[in-house]
Amino acid sequence: MVLVARDDPMDTYLVHNPSALLGRPVEKTVFDPTNPHVVWSHLYCAAVEKPLSAAQLEAWGTRAVAEQMVADGWLRRRGETYYPTDRDEGPRIASAHEAVNVRGEGGQEVAIVDHTDGRMLGTIDLGRAMQQVHDGAVYLHRGETYVVDLLDFDNLVAMVHPDSPRYSTSARMDTTIRILEVDDMRHIGPLQVASCQVEVFHQVTSYLRRADSGEILDSVELDYPPQRLVTRAVAYTMTESTLRSWGVGPDIAPGSLHAAEHAAIGMLPLIATCDRWDIGGVSTVLHADTQQPTVFVYDGHPGGAGFADRGFEAFEQWIRATRDAVMACECEAGCPSCIQSPKCGNGNEPLDKDGAIKVLTGILHSLADAH
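Because the structure is a prediction, the values reported are computed rather than measured. (Residues numbered from 1 in each chain as written. Predicted model: local features only at pLDDT ≥ 70, side-chain atom pairs only at ≥ 80, totals over all residues. Heavy atoms only, no water.)

1. Some words on the layout of surface pockets
When its volume is computed, the largest pocket comes out at roughly 1100 Å³. For the largest pocket, the lining is made up of 48 residues, of which Gln131, Met173, His202, Leu229 and Tyr298 are closest to its centre. Elements that contribute at least two residues to the lining of the largest pocket include exactly helix 6 (126-132), strand 9 (167-188), strand 10 (191-211), strand 12 (227-237), helix 8 (253-267) and strand 13 (279-284). Here the lining of the largest pocket is built from residues that sort into 17 nonpolar, 21 polar and 10 charged. (1 Å grid on protein atoms, 1.4 Å probe; cavity = no way out; pocket = protein on both sides within 12 Å on 5 of 7 lines; lining within 4 Å. Points joined across faces, edges and corners; volume = space filled by probe spheres on them. Helix = DSSP H or I, 4+ residues; strand = E, 2+ residues; numbered from the N terminus. Nonpolar A, V, L, I, M, F, W, Y, C, P; charged D, E, K, R; others polar.)

Take a look at the structure:
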């Protein structure tokens, strides 16, 4: 077996810990089949194929979803059997399966079209479109470079043309997160680790043009609507005094928490079957709900896909692997192999590698003391 490592925390860890790949059983697959955002359209398709019995729905844990679908007119019930109905909006019986996205994004998709010859290069969900095919973006497709002329929200299409600019682009995004409900909480010395439901708002506000040399050429403003996501998250909090006791003062706390968040996102695929693009994160030295320094890692899918819940379940293993990956990286101040993220909405600023190691080590010491 040969592993060609990429510049990300996961591969950094595997290069230094090959037994994590070669000496362990098949990873635990994570998926929440009762997530109403996922199961809604699948129940409809199942009913189109064959009416559903109440016993089936009970066995699947989806009876409540089916009842809501009846209330909303998607299904009709006769006795203990559920039948599909035709809808003016959403899937119809004749085309139900065509309307279900097997990728699971659950949102609107944007077609990427080369307007010079009419070819459709592919599709992307609307949330990612604002980050990757916004107006003026440099877009790579199968080794070819394109520039986006227009992201059309009304027609859900990104119009591009072939080009070879001597610069790259990266979107800047504001993200806010609010805790809706805490489902489980562990108090581990000065540390609190929570499994919770959250509301996340993303808004792409601008993009940077960066020359091939790395020099930032300019920043271009964008006026895009915010995107709302209700999903699952794992969050950990500690006091400012705890951070100081770990050697993380107020001057480096923002960069330290931010770097620890990035590294944890990069390592979550080690314990949950996901990709770093399936998850997101927020870090802050003072969160409005906790009133403390807080780091969130959340599922990027409506309702959650089980990734953050797996992070809560295997929190110590996850954080230990994250700390080890950052420490093993040979860079001095942080790089894509440890704490930099290709999807960071703040342009990977601020980041503090040494501070992140102190935060992650402090968490592990707290966990050890609690045993």
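Here the narrative resumes.
2. Some remarks on the packing of helix 8 against helix 10 (residues 315-328)
Relative orientation of the contacting elements helix 8 and helix 10 amounts to 110 degrees, with a least axis distance of 9 Å. Classified by the angle between their axes, helix 8 and helix 10 sit roughly perpendicular to one another. Every pair of crossing elements has a handedness; the one defined by helix 8 and helix 10 is right-handed. Packed against helix 8, whose contacting residues are Ala263, Ala264 and Met267, the element helix 10 presents Trp318, Ala321, Thr322, Ala325 and Val326 at the interface. The residue inventory of the contact of helix 8 with helix 10, partitioned by class, reads seven nonpolar, one polar and no charged. (Axes fitted to C-alpha atoms, helices over the stretch in contact; angles between N-to-C directions. Parallel < 35°, antiparallel > 145°, perpendicular 65-115°, else oblique. Left-handed = near helix turned anticlockwise from the far one by under 90°. Contact = heavy atoms within 4.5 Å.)

3. Some thoughts on the sheet that holds strand 4 (residues 109-114)
Sheet strands line up and pair through hydrogen bonds in the backbone, either parallel or antiparallel. The strand order 5-4-8-7-6 describes an open sheet built from five strands, whose pairing is mixed. The sheet terminates laterally at strand 5 (119-125) and strand 6 (138-141), the two strands that pair on one side only. Neighbour to neighbour, the strand axes of the sheet diverge by 35 degrees on average, direction disregarded. (Pairing = 2+ DSSP bridges.)

4. Digging into unusual backbone geometry
Put simply, Glu349 and Pro350 share a cis peptide bond, and its omega is -10 degrees. Relative to the helices and strands, Pro350 resides in the loop between helix 10 and helix 11 (353-370). If you check the backbone angles, Leu156 has positive phi at about 50 degrees while not being a glycine. Its place among the elements puts Leu156 in the loop between strand 7 (144-152) and strand 8 (157-162). We classify Leu156 as partly exposed; its relative accessible area is 21%. You will see that Gln291, though not glycine, has its phi angle at about 60 degrees, which is positive. Along the chain, Gln291 turns up in the loop between strand 13 and strand 14 (294-299). (Buried < 20%, exposed > 50% of the residue type's maximum accessible area, 1.4 Å probe, protein only.)

5. Brief notes about the side chain of Thr294
Examined against the element boundaries, Thr294 turns out to sit in strand 14. Residue class for Thr294 comes out buried when judged on its relative accessible area of 1%. Residues contacting Thr294, with those up to four places away along its chain left out, are Ala235, Tyr236, Thr237, Val282, Ser283, Thr284 and His287.

All quantities given are derived from atomic positions and should not be read as evidence of function.
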